[in-house]
Amino acid sequence: MQNRIDQLFAVKRHNVLNIYCTAGFPELNDTLPVMTALQQYGADLIELGMPFSDPLADGPVIQDSSTKALQNGMSLHKLFEQLTSFRDRIQVPVILMGYFNPVLTYGVEAFCAKCAEVGIDGIIVPDLPMAEYENEYRPVFEKYNLHLIFLVTPETSEERIRKIDSLSKGFIYAVSSSSTTGKDKDMKDQQAYFERLKQLQLKNPVLIGFGIKDKATFEAASAYANGAIIGTAFIRAIEHSKNIDETVKTFISGITQ
């Protein structure tokens, strides 16, 4: 069966909206209600964060949501339990985003098998070195039809970007600066970098992340790539929400309307 991420990009090449949410946040059992609302109100892709105690690439807002989720009782085992039959109601592609240590502890093959079993389409593991993936883990990910998605930054060389493009499946995650997530970025400062990525004519679609927070930044990023990823702004929006459904509806309509 064709991977859902590939199915998505086969029919939609522009303004693809990927929204990040932390599993088990704001409350332990909010994982599926948040995902269901994201699909209902127009997210094309869902990036689900696997909480970890030391999230290197995440800014303070996402770090705090991860800490809260862990305090709520979230774990990899609990997450897979929550995702057992999520495909009964969620059709959009879902990517797990997290760090390699918990995956290694769970067992890489066991993790990939479980992802395939519940219906996960891709994985983002910022601290898994490209060479290690290529030489050791690639066959396992491919066996279970899981796309490993790599990050590129303004500092990534053309040679490395092309190598990532050849190894990658699904899409390439273009980090809009080499700092942690959630920082306010002026899109104009990033223009040369976005132009450079566009001119490389990569085989994979590109989504821009880090610093995308509203309609203006989403549209600016989407002018250079196939779409964008929103994380910190969404976590802020749902953090104190009394009505997840309503909050998600308002947030997404503010970007897509």
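Rules used throughout
Residues numbered from 1 in each chain as written. Predicted model: local features only at pLDDT ≥ 70, side-chain atom pairs only at ≥ 80, totals over all residues. Heavy atoms only, no water. Buried < 20%, exposed > 50% of the residue type's maximum accessible area, 1.4 Å probe, protein only. Helix = DSSP H or I, 4+ residues; strand = E, 2+ residues; numbered from the N terminus. Pairing = 2+ DSSP bridges. Right-handed = clockwise from strand over helix to strand, strands pointing away. UniProt positions renumbered as here; feature names shortened; annotations may be inferred. Contact = heavy atoms within 4.5 Å. Polar contact = N/O pair within 3.5 Å; in protein donor to acceptor, adjacent residues only side chain to side chain. Disulfide = S-S within 2.5 Å. Axes fitted to C-alpha atoms, helices over the stretch in contact; angles between N-to-C directions. Parallel < 35°, antiparallel > 145°, perpendicular 65-115°, else oblique. Left-handed = near helix turned anticlockwise from the far one by under 90°. Nonpolar A, V, L, I, M, F, W, Y, C, P; charged D, E, K, R; others polar.

A. Quick look at the pairing of strand β1 (residues 16-22). Within β1, seven of the seven residues are buried, leaving the element largely enclosed by the surrounding structure. The two faces of β1 match: Val16, Asn18, Tyr20 and Thr22 on one face and Leu17, Ile19 and Cys21 on the other face are all buried. Here β1 runs beside strand β9 (residues 227-230); their pairing, made up of four bridges, is parallel. Within β9, the residue paired with Leu17 across the bridge is Ala228. Pairing between β1 and strand β2 (residues 45-49): five bridges, direction parallel. Looking across to β2, one finds that Tyr20 is bridged to Glu47. What joins β1 to β2 is helix α2 (residues 31-41), and the crossover it makes is right-handed.

B. Fine view of the environment of Gln191. Its place among the elements puts Gln191 in helix α9 (residues 191-199). Owing to a relative accessible area of 35%, Gln191 belongs among the partly exposed residues under this scheme. Put simply, Gln191 and Val248 are 57 residues apart on the chain and 30 Å apart in space, counted from C-alpha to C-alpha.

C. Structural context of the UniProt feature "active site" (unreviewed entry) in the protein chain. Mapped onto the present numbering, the UniProt feature "active site" (unreviewed entry) falls on Glu47 and Asp58. The topology assignment puts Glu47 in strand β2. Look past the residues within four positions of Glu47 in its chain and what remains in contact with it is Asn18, Ile19, Tyr20, Cys21, Ile95, Met97, Ile124, Tyr173 and Ile229. Here Asn18 takes part through its side chain, which lies 3.4 Å from a polar atom of the side chain of Glu47.

D. Quick look at the state of the cysteines. Counted according to the given criterion, the structure contains zero disulfides. Its sulfur unpaired, Cys21 is 15 Å from the next cysteine sulfur, which belongs to Cys115. The buried category is assigned to Cys115, whose relative accessible area is 0%.

E. Fine view of the packing of helix α7 (residues 130-143) against helix α8 (residues 158-167). One can describe the packing of α7 onto α8 by two numbers: an axis separation of 11 Å at closest approach and a directional angle of 20°. Comparing their axes, α8 and α7 come out roughly parallel. Here α7 runs over α8; the crossing is left-handed. Between α7, through Met130, Tyr133, Glu134 and Arg138, and α8, the contact on the second element is made entirely by Arg160, Lys163, Ile164, Ser166 and Leu167. Of the residues that constitute the contact of α7 with α8, the class distribution is four nonpolar, one polar and four charged.

F. Molecular detail of the pairing of strand β8 (residues 206-209). Both faces of β8 are covered, namely the face carrying Val206 and Ile208 and the face carrying Leu207 and Gly209. In this structure, strand β7 (residues 172-175) lies alongside β8, joined through four bridges in parallel fashion. Looking at β8, one finds that Ala174 is bridged to Ile208. Running through helix α10 (residues 215-222), the crossover from β8 to the neighbouring parallel element β9 is right-handed.

G. Up close: the packing of helix α3 (residues 60-72) against helix α11 (residues 232-239). For the pair α3 and α11, the least separation of the axes is 9 Å and the interaxial angle reads 50°. Comparing their axes, α11 and α3 come out oblique. The two elements α3 and α11 cross, and the hand of that crossing is left-handed. Residues Val61, Ile62 and Ser65 of α3 touch α11, and the partners they reach there are Thr232, Ile235 and Arg236.

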